[in-house]
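Commentary on secondary and tertiary structure
Okay, here's what each chain looks like letter by letter:
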Amino acid sequence: MTTHERSADVQASPQAVYDLADVSNLPEYLPRMTEAHTTGEQEVEVTAELDPSGEAGRREVQGHARFVTDANARTIAWGSEGDRLTVRVG
């Protein structure tokens, strides 16, 4: 499993930041992602643009992933097969 971590300071209350927890915001956090939308209770469909090294050049890929929020812990967990990203607000 690959784990990615990124942090940033935000001048807002933790609740205000957590209130932005929306699947459609994923492309704002993940630079290669171009689109994300909900397909089920904790399921999302995503589109990303890959730029692999070699002759293949850029290509667009689609996939399914999980997007789970926990209001009490103010966490957002995002993951696809083999990868996971968790954001803790607060």
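Now for a description of the structure that goes with this document. Keep in mind the model is a prediction, meaning the values are calculated, not measured. (Residues numbered from 1 in each chain as written. Predicted model: local features only at pLDDT ≥ 70, side-chain atom pairs only at ≥ 80, totals over all residues. Heavy atoms only, no water.)

A count of helical and extended segments in the protein chain gives two helices and six strands. In the protein chain, the succession of helices and strands from N to C terminus is β-α-α-β-β-β-β-β. Relative to its full complement of 90 residues, the protein chain shows a buried share of 20%. Relative to all contacts within the protein chain whose residues are 6 or more apart in sequence, the contacts with residues 24 or more apart total 28%. Roughly 6900 Å² of accessible area belongs to the protein chain as shown, and the carbon and sulfur atoms make up 43% of that amount. (Helix = DSSP H or I, 4+ residues; strand = E, 2+ residues; numbered from the N terminus. Buried < 20%, exposed > 50% of the residue type's maximum accessible area, 1.4 Å probe, protein only. Contact = heavy atoms within 4.5 Å. Areas by Shrake-Rupley, 256 points an atom, 1.4 Å probe, with all protein chains shown as cover.)

Okay, the nonpolar core next. One finds Tyr18, Val23, Leu26, Leu30, Met33, Ala36, Val44, Val46, Ala65, Phe67, Ile76 and Trp78 forming the largest nonpolar core, which totals twelve residues. In this view, Ala36 contacts Val23, Ser24, Leu26, Pro27, Glu45 and Val46; residues no more than four positions away in its chain are not counted. (Core = buried A, V, L, I, M, F, W, Y, C linked by side-chain atoms within 4.5 Å.)

With that settled, consider the environment of Leu50. Mapping Leu50 onto the fold places it in strand S3 (residues 43-50). With 18 residues separating them in the primary sequence, Leu50 and Arg32 have C-alpha atoms 6.7 Å apart. Setting aside chain neighbours within four positions, we find Leu50 in contact with Arg32, Gly57, Arg58, Arg59 and Val61.

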